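Working through the structure, step by step
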There are 4 protein chains.
Amino acid sequence: MVVDDVDDGEARLRAWERRTGGALTVLGVLFLTAYAVPILSPGLPHTWHVAAEAAEIVTWTALGADFAVRFRLAARRRRFLRTHLFDLIVLALPVLRPLRALRLVAIVLVMHRRAVSATRLRLSTYVGGTALLLVFVASLAVLDAERRSPDANIRSYFDAVWWTMTTLSTVGYGDRYPTTAEGRVMAMVLMVCGVGLLGFITGSLASWFIDRFSDLEQKETETRDDVADLLTEVRKLRTELGTVRAELADLRSVAPPG
Amino acid sequence: MVVDDVDDGEARLRAWERRTGGALTVLGVLFLTAYAVPILSPGLPHTWHVAAEAAEIVTWTALGADFAVRFRLAARRRRFLRTHLFDLIVLALPVLRPLRALRLVAIVLVMHRRAVSATRLRLSTYVGGTALLLVFVASLAVLDAERRSPDANIRSYFDAVWWTMTTLSTVGYGDRYPTTAEGRVMAMVLMVCGVGLLGFITGSLASWFIDRFSDLEQKETETRDDVADLLTEVRKLRTELGTVRAELADLRSVAPPG
Amino acid sequence: MVVDDVDDGEARLRAWERRTGGALTVLGVLFLTAYAVPILSPGLPHTWHVAAEAAEIVTWTALGADFAVRFRLAARRRRFLRTHLFDLIVLALPVLRPLRALRLVAIVLVMHRRAVSATRLRLSTYVGGTALLLVFVASLAVLDAERRSPDANIRSYFDAVWWTMTTLSTVGYGDRYPTTAEGRVMAMVLMVCGVGLLGFITGSLASWFIDRFSDLEQKETETRDDVADLLTEVRKLRTELGTVRAELADLRSVAPPG
Amino acid sequence: MVVDDVDDGEARLRAWERRTGGALTVLGVLFLTAYAVPILSPGLPHTWHVAAEAAEIVTWTALGADFAVRFRLAARRRRFLRTHLFDLIVLALPVLRPLRALRLVAIVLVMHRRAVSATRLRLSTYVGGTALLLVFVASLAVLDAERRSPDANIRSYFDAVWWTMTTLSTVGYGDRYPTTAEGRVMAMVLMVCGVGLLGFITGSLASWFIDRFSDLEQKETETRDDVADLLTEVRKLRTELGTVRAELADLRSVAPPG
């Protein structure tokens, strides 16, 4: 009974996630636009800025509602909270203005958590896409933060992208760098991501290498061949034993009743 | 007899480490506060600085005493020295003023050496915690060192944290960097740690990858399946042999006494 | 029938790639010269620049033609497009002037795609060679881009090589860095390559390590020894069974006809 | 016969390397001193500089002689050249003045090639030692190169060490960097080494990780247990077969002669 309830719960949750997947993507793009437009062209009339702000809030509330619904649907709620802790944090943090950009990370997470499967290719695409999005959003966020300060050296969006790349690749020329507290916080988040990305790329390359070139591979195969030989040996053994048995039976038939 | 002594020794050591674990944590926090407060707010009345200095010395002596006791309790003392060499160094080095910050590393080590178990998650948490602590302490140490010099460019604690992050992630913009000898020594230690951290993160990601995606995994399983098949084959073989034996016995019973 | 066609197609494709391999190498060197000369010695008479430009266009068209032919020859064309997507991009992109340098990458790719085999050494040589070529070409491209701008700090080819090295190794002092849009785009491509290179080197070192030092290795060997023992055991078993059978036959011969 | 010669050759080579190992270490230290002293204290009287120069040349010739002897002794000379190509390059290159520092790398190589064994610990110590030596020598070399130029920013040995560390760790603040051609060449070599070192550290950590946490480990062990079970099964089988045989023999003895 309980098990059934649990399974029903899981099923309902999956169903909801399937149904809402598309809508979330649309929300994501909408939010991204609402976030990017005012930063990329600050000269827009005030109404636009208000509209963007509104769109942000709407998408934000939608994400929160979606999380709430999923929590309600989840059969094992404690487990759900534990496994979705990071989502929750990313949903809650952006209340602090400087971390506004995290909102998009939240959307990306929520969207991808559903898309990603366990194949290596999928994972790479997922990380690659997230990386691109990260560059795009981090540049927006840092530009947004720096533009306000008079002695900033990141002034155009291209500057911001350039800075983001130098940071993610840990090259860090230092010709461009954030000077405001908000920008620096963004930068630190970006550095951690950068280190993670590098680790991810290296790690995947390493495992690819090991799959392709490792002696283990070959040893493995050899072991398996040995085992196969062994199997045939044993099978021969059985057939031979079969004949022995036949001869025995034969022998008994000719044996005198005594 | 000797073995018993040895075991007793090990047991006493473990017991001591269990008993003193909590106290060391308190000491650690106390030391951290005593170390941080004067640096973060230099404007404090002199008495405070004296108190902090006193607290540092106390905690320091306590650590030394703890190490001495553990050495006394250890059954195989040579082995103990060899395995705890790093602890010893980290305990001895901070006598040199510029390396004062290492004291905390010592505390962290001593505490964690006891906490950490062999599971990957535990290790990650351990390293993650140490990394955070490292950022916190390194920033304090470099600020402490730089503040005294007139032409320093690390002036606030936030500057120091920012610099620490750019260094640990090996981004190194160069907008902030230590100029004093003491600060540079700290920085070099930090760079080595940074490289280690990166290696750790990459290494763990790589092994995670290999566990999750490696062909070896699968080959492994296949080999094991083959072995299982083989086992069943052999078992069948035995039962069949059993019947052969039964028939033989049967045959003898009918055989003429001659 | 279809299969035959497919095989024929693949065969024709391989044949073409074998035949044109040498020519492409020549084209590559020619293009490299035509690309390098005007950048390294801008003082050359105009005719030279025209000649270089012509050579570039010729080699370029040749590459395009080669790709077209290979596409025509390919049996499974959709699959060919999918597997050679990157080649196609690298062939198409350089139409955008700032990405002109990519043309050489295209040549390298096309040439190496054919040369490289699956041994680790070969792959390392391939990557090593590509890295050297990358340093050479990226330096040319960035110098070409920067020289035009008045406030550039990369002025000589040696400056450019120095900058390329600091970027590929992610050291990034920031004493030299691109200031033009074109130069920065080049730099970003370079950063991605640099990260990839680092990942490659680390990955290969990691797999080398695992091959050389991993406990798995040893466990592997032990397992294989066990399997070998098992095999001998089973063989002994068979011979013994053979004797049993002989005795049985013997027994029957002496058995009374009844 | 030939084989014997070959073996003799190898034996003679090994013997020579054993005998000359100590002498080379002394040479190395001597060379290091002769190289370091004039750079660290340029104010020395001229005679000292001459002496140092002489010592350098002597050690250098000694190394060359040692290589020649080993080549003469080597049984398979072509193979010897191929496996010692790197040694040869490092021995030949320093004829170019800017690469003088490579001489020490040569000594280190020759010494360590003999010391290093295949255990992971040994290798780590080897690399660790080489890294320390690298920092020491690279700092000397860059200081030597930069000091001569008026607009250099690396002026003291401590500056040089600081710069070397920022480069090897790929942090690269850019507060100190070589400005002369010679210094930059040294720096590029150092960057390549740095990347290699990082790769080495990460690689070893990765393999350590995999040894300690990989699922493969466990699977391995399980497979081996299965094989062990199998072995016991087969042994039981043989004993049983033995009894069958005994019964047969017994049966024949009672069988009527007919």
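Residues numbered from 1 in each chain as written. Chains lettered and ligands numbered in written order. Predicted model: local features only at pLDDT ≥ 70, side-chain atom pairs only at ≥ 80, totals over all residues. Heavy atoms only, no water.

- The name recorded for chain A in an unreviewed UniProt entry is Ion transporter, from Virgisporangium ochraceum.

1. Considerations on the overall build of chain A
- Tallying secondary structure elements over chain A gives nine helices and zero strands in all.
- Reading chain A from its N terminus to its C terminus gives the helix and strand order α-α-α-α-α-α-α-α-α.
- The 258 residues of chain A split such that 48% are buried.
- Here the contacts in chain A between residues at least 6 apart in sequence split such that 64% fall between residues at least 24 apart.
- Carbon and sulfur atoms provide 68% of the accessible area of chain A, an area that totals close to 12200 Å². (Helix = DSSP H or I, 4+ residues; strand = E, 2+ residues; numbered from the N terminus. Buried < 20%, exposed > 50% of the residue type's maximum accessible area, 1.4 Å probe, protein only. Contact = heavy atoms within 4.5 Å. Areas by Shrake-Rupley, 256 points an atom, 1.4 Å probe, with all protein chains shown as cover.)

2. A word on the interface of chain B and chain D
- Listed per partner, the contact involves 54 residues of chain B and 48 residues of chain D.
- Summed over both sides, the interface between chain B and chain D buries roughly 4700 Å², with carbon and sulfur atoms accounting for 69% of that surface.
- Here chain B is connected to chain D by one salt bridge.
- Where chain B meets chain D, there are three residue pairs in polar contact (both at pLDDT 80 or more).
- When contributions to the side of chain B that touches chain D are tallied by element, the ones reaching two or more residues are helix 6 (120-147), helix 7 (157-168), helix 8 (181-213) and helix 9 (215-254) of chain B.
- Tallying contributions element by element places helix 9 of chain B first for the side of chain B that touches chain D, with 20 residues.
- Here the residues of the side of chain B that touches chain D sort into 28 nonpolar, 15 polar and eleven charged. (Buried area = accessible area lost by both parts, 1.4 Å probe. Salt bridge = Lys/Arg side-chain N within 4 Å of Asp/Glu carboxyl O. Polar contact = N/O pair within 3.5 Å; in protein donor to acceptor, adjacent residues only side chain to side chain. Nonpolar A, V, L, I, M, F, W, Y, C, P; charged D, E, K, R; others polar.)

3. A short note on the UniProt feature "transmembrane region" (unreviewed entry) in chain A
All names here are of chain A.
- The UniProt record marks residues 20-37, 57-73, 123-145 and 186-210 with the feature "transmembrane region" (unreviewed entry), using the residue numbering of this structure.
- Annotated as 100% helix and 0% strand, the span residues 57-73 places its first and last C-alpha atoms 24 Å apart.
- When the span residues 186-210 is considered, its composition is 100% helix and 0% strand, and the gap between its end C-alpha atoms is 36 Å. (UniProt positions renumbered as here; feature names shortened; annotations may be inferred.)

4. Quick look at the relation of the copies chain B and chain D
- Its rotation angle being 91 degrees, the transformation that places chain B on chain D also includes 0.2 Å of axial translation and leaves an RMSD of 0.4 Å. The superposition of one copy onto the other is thereby described by a four-fold rotation axis. (Least-squares fit on C-alpha atoms with pLDDT ≥ 70 in both.)

5. So, the interface of chain A and chain C
- Each partner contributes to the interface: chain A provides 48 residues, whereas chain C provides 55 residues.
- Summed over both sides, the interface between chain A and chain C buries roughly 4700 Å², with carbon and sulfur atoms accounting for 69% of that surface.
- Looking only at chain A, the three residues that lose the most surface to chain C are Trp162(A), Tyr173(A) and Phe209(A), adding up to 15% of its buried area.
- Here chain A is connected to chain C by one salt bridge.
- The closest approach of N and O atoms between Arg184(C) and Asp159(A), which form a salt bridge, is 2.9 Å.
- Counting every contact that joins chain A to chain C gives three residue pairs in polar contact (both at pLDDT 80 or more).
- When contributions to the side of chain A that touches chain C are tallied by element, the ones reaching two or more residues are helix 7 (157-168), helix 8 (181-213) and helix 9 (215-254) of chain A.
- Take the side of chain A that touches chain C: its biggest share by element is 23 residues, from helix 9 of chain A.
- When the residues that make up the side of chain A that touches chain C are grouped by side-chain class, the tally is 25 nonpolar, eight polar and 15 charged.

6. Concerning the packing of aromatic side chains
All names here are of chain B.
- Summed over the entire model, instances satisfying the criterion amount to 21 aromatic pairs over all chains.
- For the pair Phe71 and Phe80, a centre-to-centre distance of 6.3 Å together with 50 degrees between the ring planes defines the contact as tilted.
- Where Phe136 meets Tyr157, the ring centres are 6.2 Å apart and the plane angle is 75 degrees; that geometry is what we call edge-to-face. On the criterion of sequence distance, the pair formed by Phe136 in helix 6 and Tyr157 in helix 7 is long-range, its members being 21 residues apart. (Phe/Tyr/Trp six-rings, centres within 6.5 Å; stacked < 30°, edge-to-face > 60°.)

7. Section: the UniProt feature "domain: Potassium channel" (unreviewed entry) in chain A
- The UniProt record annotates "domain: Potassium channel" (unreviewed entry) at residues 133-209 of chain A.
- Taken as a whole, residues 133-209 of chain A contains 73% helix and 0% strand, while its terminal C-alpha atoms sit 28 Å from one another.

8. Some remarks on helix 4 (residues 85-92) of chain B
- Those residues of helix 4 of chain B that sit buried are Asp87(B), Val90(B) and Leu91(B). Along helix 4 of chain B, the residues classed as buried sweep out an arc of 100 degrees about the axis, all on the same side. (Arc of directions from axis to C-beta.)

9. Overview of the confidence of the model for chain A
Residues and elements named next belong to chain A.
- Mean pLDDT over chain A stands at 79; residues scoring 70 or higher make up 81%.
- Per-residue pLDDT, averaged within each element of chain A, yields its smallest value for helix 5 (residues 102-115) (63) and its largest for helix 7 (94).
- Under the prediction, the complex receives an ipTM of 0.74, its pTM being 0.80. (pLDDT = per-residue confidence, 0-100.)

10. Thoughts on the environment of Val142(C)
Residue and element names in this part refer to chain C.
- With respect to the helices and strands, Val142 occurs in helix 6 (residues 120-147).
- Relative accessible area serves as the criterion here: at 0%, Val142 is assigned to the buried category.
- Taking the C-alpha atoms as reference points, Val142 and Gly183, separated by 41 residues in sequence, lie 5.1 Å from one another.

11. Focus on the pattern of salt bridges
- Within this structure, the stated rule accounts for 20 salt bridges over all chains.
- One salt bridge connects Arg148(C) with Asp144(C), and the closest N-O pair in it is separated by 3.2 Å.
- Within this structure, Asp144(A), Arg148(A) and Glu182(A) form a network of salt bridges that share partners.

12. Regarding the packing of helix 2 (residues 46-73) of chain C against helix 4 (residues 85-92) of chain C
All names here are of chain C.
- Axis separation between helix 2 and helix 4 bottoms out at 11 Å; the angle between their running directions is 150 degrees. Comparing the axis directions of helix 2 and helix 4 gives the class roughly antiparallel. At the point where helix 2 passes helix 4, the crossing takes the left-handed sense. In this structure, helix 2 uses Trp60, Leu63, Gly64, Phe67 and Arg70 to contact helix 4, whose residues at the interface are Asp87, Leu88, Val90 and Leu91. (Axes fitted to C-alpha atoms, helices over the stretch in contact; angles between N-to-C directions. Parallel < 35°, antiparallel > 145°, perpendicular 65-115°, else oblique. Left-handed = near helix turned anticlockwise from the far one by under 90°.)

13. Side note on unusual backbone geometry
All names here are of chain A.
- With a phi close to 55 degrees, Thr170 is a non-glycine residue in the positive phi region.
- Note on placement: Thr170 falls in the loop between helix 7 and helix 8.
- A relative accessible area of 3% means that Thr170 is categorised as buried.

14. Points about the side chain of Ser149(C)
Residues and elements named next belong to chain C.
- Positionally, Ser149 belongs in the loop between helix 6 and helix 7 (157-168).
- Judged by its relative accessible area of 11%, Ser149 falls in the buried class.
- A distance of 3.5 Å separates polar atoms of two side chains, one belonging to Ser149 and the other to Asp151.
- A polar atom in the side chain of Ser149 sits 3.3 Å from the backbone nitrogen of Ala152.
- When residues no more than four places from it in sequence are discounted, the contact partners of Ser149 are Arg155, Thr179 and Thr180.

15. What to know about the environment of Thr164(C)
Residue and element names in this part refer to chain C.
- Residue placement: Thr164 occurs in helix 7.
- Using a relative accessible area of 0% as the deciding quantity, one classes Thr164 as buried.
- Each C-alpha atom of the pair Thr164 and Ala11 lies 41 Å from the other, and the pair is 153 residues apart in sequence.
- Those residues within four positions of Thr164 in sequence are excluded, and the remaining contacts are Val135, Ala138, Ser139 and Leu190.
- Within the structure, the side chain of Thr164 is placed 2.8 Å from the backbone oxygen of Ala160, a separation counted as a polar contact.

16. Thoughts on empty space enclosed by the protein
- Across all of its chains, the model carries ten cavities of 30 Å³ or more by this definition.
- What lines the largest cavity is a set of 22 residues, among which Leu198(A), Thr202(A), Leu198(B), Leu198(C) and Leu198(D) lie closest to the centre.
- For the lining of the largest cavity, the elements supplying multiple residues, two or more each, are helix 8 of chain A, helix 8 of chain B, helix 8 (181-213) of chain C together with helix 8 (181-213) of chain D. (1 Å grid on protein atoms, 1.4 Å probe; cavity = no way out; pocket = protein on both sides within 12 Å on 5 of 7 lines; lining within 4 Å. Points joined across faces, edges and corners; volume = space filled by probe spheres on them.)

17. Overview of helix 7 of chain C
All names here are of chain C.
- For helix 7, with twelve residues, the first-to-last C-alpha span of 16 Å sits near the 16 Å given by 1.5 Å per residue.
- Counted residue by residue, helix 7 has ten buried out of twelve residues, so it is predominantly covered.
- Along helix 7, the residues that are buried comprise Asp159, Ala160, Val161, Trp162, Trp163, Thr164, Met165, Thr166, Thr167 and Leu168.
- Two or three places before Phe158, at the start of helix 7, stands the capping residue Ser156, its side-chain oxygen 3.4 Å from that residue's backbone nitrogen.
- Just downstream of helix 7, Thr170 is the residue with a positive phi angle, here 55 degrees. (Expected span 1.5 Å × (residues − 1).)

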